[in-house]
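Residue strings, one per chain:
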Amino acid sequence: MKTFRIALFALLTCCIVLPARAQDDDILPTDSLATDTLASPRHVVIGAKNSPPFMYRENGQWTGISFQLWQLIAQELNITYEFRDRTLPEILDDLENGHIDICINPLTVTSERIQQFDFTQPFYGSHSAVASVAQESKSAWDYARQFFSLSFLKVILLLLLVLLIFGFLVWFFERRSNPDEFSNNLQGLWSGLWWSAVTMTTVGYGDKSPRTLGGRMVGLIWMFTAVIIISSFTASITSALTVDRLDSDIEKLEDLRKHKTGSLVASASSSFLKHNYIRHQLFDEIEAGLWALEDGKIEAFVYDEPILRYYIEEMQLEETRILPLKFNPQYYSFALPKGSELIAEINPVLLSFIEGVNWKMTLSEYGLGEQ
């Protein structure tokens, strides 16, 4: 009987322990596999080119806005990476052929490129701009014709209007009590205009002066305000005469057809010019295009505004500036080969970063401000 009890106890023990061990055996390999997966980072090859302030080398190391954003993404997704220096045409070719895994340069999303590559969510918005060199007028006629410019004429007309208003007011109060100096007719109105002009310029001939209380109140107000007004109008007249001489005559996109224009090879700006039938010279590097502009070989250079501004400042091109003309809105994204599985992982992480405060601080650090 004792032997039977021992055998029964051993049987029950096996029934309880063995299934539990089996369950443990099922769990352990799965946990081990997950740990191995997390511990093995993926490795990607990045095609990169100098595109400050987004991607550029500093002391031999890559840095910039795009690079900082990529660093955060790579850390979050446990990705290791290596860079391969390429020109823009080489990057596009390597992406299409799958020789690189991603381009983190600020590539503009276009209808043509989106058929060739996959793009992440945009992380920055910009547009194409025109760089030109300030040119001083070289002849007396070039300078004199500024007096007939629309800006100059507007300033003069506004000045005459202000003089006429105060001249009318002083005439209105003086026409009856002081008819010798401000007669009650058109000539008296002209006398009021003359008085306001003499008072504003502080010439003070004294041939016309208000005698009534109302006239003197107008005169008192006009004396104080004229000091401010004359300085403002002087600045406006100076601006009308000088800024127009320094500004380019490129005011709209069509004006580029009348000027020697350049752009960067394989760029979105170059494609835009081509689609709008604007002939332009292509340059392999932005520096080459800007030096050609500085040397007078071309009259305008078209490229992305933030990058143009960076190069103009870094190259210390004091005579080169960005024109007010803006066109061809652009959205910068990372580009990957068509069908890349990596894009689905990058997008959520990228969006979470660019929606945060740190992203706005990064843009401000490079002088780009909030988008």
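Residues numbered from 1 in each chain as written. Predicted model: local features only at pLDDT ≥ 70, side-chain atom pairs only at ≥ 80, totals over all residues. Heavy atoms only, no water.

**Student:** Pulling in residues and values, what's your account of the pairing of strand S5 (residues 102-108)?
**Tutor:** Burial of S5 is extensive: seven of the seven residues sit out of reach of the surface. Burial along S5 is two-sided: the face carrying Ile 102, Ile 104, Pro 106 and Thr 108 and the face carrying Cys 103, Asn 105 and Leu 107 are both buried. Across two bridges, strand S1 (residues 42-48) lies against S5 in parallel orientation. Bridging from a neighbouring strand, Gly 47 pairs with Cys 103 of S5. Here S5 runs beside strand S11 (residues 320-337); their pairing, made up of three bridges, is antiparallel. (Buried < 20%, exposed > 50% of the residue type's maximum accessible area, 1.4 Å probe, protein only. Helix = DSSP H or I, 4+ residues; strand = E, 2+ residues; numbered from the N terminus. Pairing = 2+ DSSP bridges.)

**Student:** Can you lay out a nonpolar patch on the surface for me, pointing to particular residues and giving the numbers?
**Tutor:** Taken together, Leu 158, Leu 161, Ile 165, Phe 168, Leu 169, Phe 172 and Phe 173 make up a surface patch of nonpolar side chains, about 610 Å² in accessible area. Structurally, Phe 173 is set in helix H6 (residues 150-174). Classification of Phe 173 as partly exposed rests on a relative accessible area of 37%. (Patch = residues over 30% accessible without salt bridge, like charges linked within 9 Å, V, L, I, M, F, W, Y side chains within 5 Å. Areas by Shrake-Rupley, 256 points an atom, 1.4 Å probe, with all protein chains shown as cover. Salt bridge = Lys/Arg side-chain N within 4 Å of Asp/Glu carboxyl O.)

**Student:** An account of helix H10 (residues 286-294) is requested, with residue identities and associated values reported.
**Tutor:** Of all the residues in H10, the buried ones are Ile 286, Gly 289, Leu 290, Ala 292 and Leu 293. Buried residues of H10, seen end-on, are gathered within an arc of 155° and therefore sit on one face of the element. Along its buried surface, H10 packs onto strand S7 (124-133), strand S8 (261-264), strand S9 (281-283), strand S10 (300-304), helix H11 (305-314) and S11. Of the residues one or two after H10, Gly 296 is the one with positive phi, at around 85°. (Arc of directions from axis to C-beta. Contact = heavy atoms within 4.5 Å.)

**Student:** Account for the environment of Ile 114, with residues named and values stated.
**Tutor:** Looking at where Ile 114 falls in the secondary structure, it is placed in helix H4 (residues 113-116). Taking the C-alpha atoms as reference, Ile 114 lies 9.0 Å from Lys 338; in sequence the two are 224 residues apart. Sequence-distant contacts of Ile 114, that is, excluding residues within four places in its chain, are made with Val 109, Phe 119 and Lys 338.

**Student:** Tell me about the confidence of the model for the protein chain, and please be specific about residues and values.
**Tutor:** Chain-level statistics for the protein chain give a pLDDT mean of 83 and a share of 81% at 70 or above. Contacts of residues 14-39 to residues separated by more than four positions or lying in other chains number two contacts, the stretch itself having pLDDT below 50. (pLDDT = per-residue confidence, 0-100.)

**Student:** Hey, could you go over the environment of Val 198 for me, with residue numbers and the actual values?
**Tutor:** Within the secondary structure, Val 198 sits in helix H7 (residues 186-200). Residue classification places Val 198 among the buried positions, given a relative accessible area of 10%. Taking the C-alpha atoms as reference points, Val 198 and Lys 208, ten residues apart in sequence, are found 9.2 Å from one another. Apart from the residues within four sequence positions on either side, Val 198 is in contact with Val 203, Gly 204 and Tyr 205.

**Student:** Before we move on, can you summarise H11 with the specific residues and values?
**Tutor:** Among the residues of H11, Glu 305, Pro 306, Ile 307, Leu 308, Tyr 311 and Ile 312 are the ones counted as buried. Contact partners of the buried residues in H11: S5, S7, H10, S10 and S11. Of the residues flanking the end of H11, it is Gln 316, one or two places downstream, whose phi is positive at about 55°.

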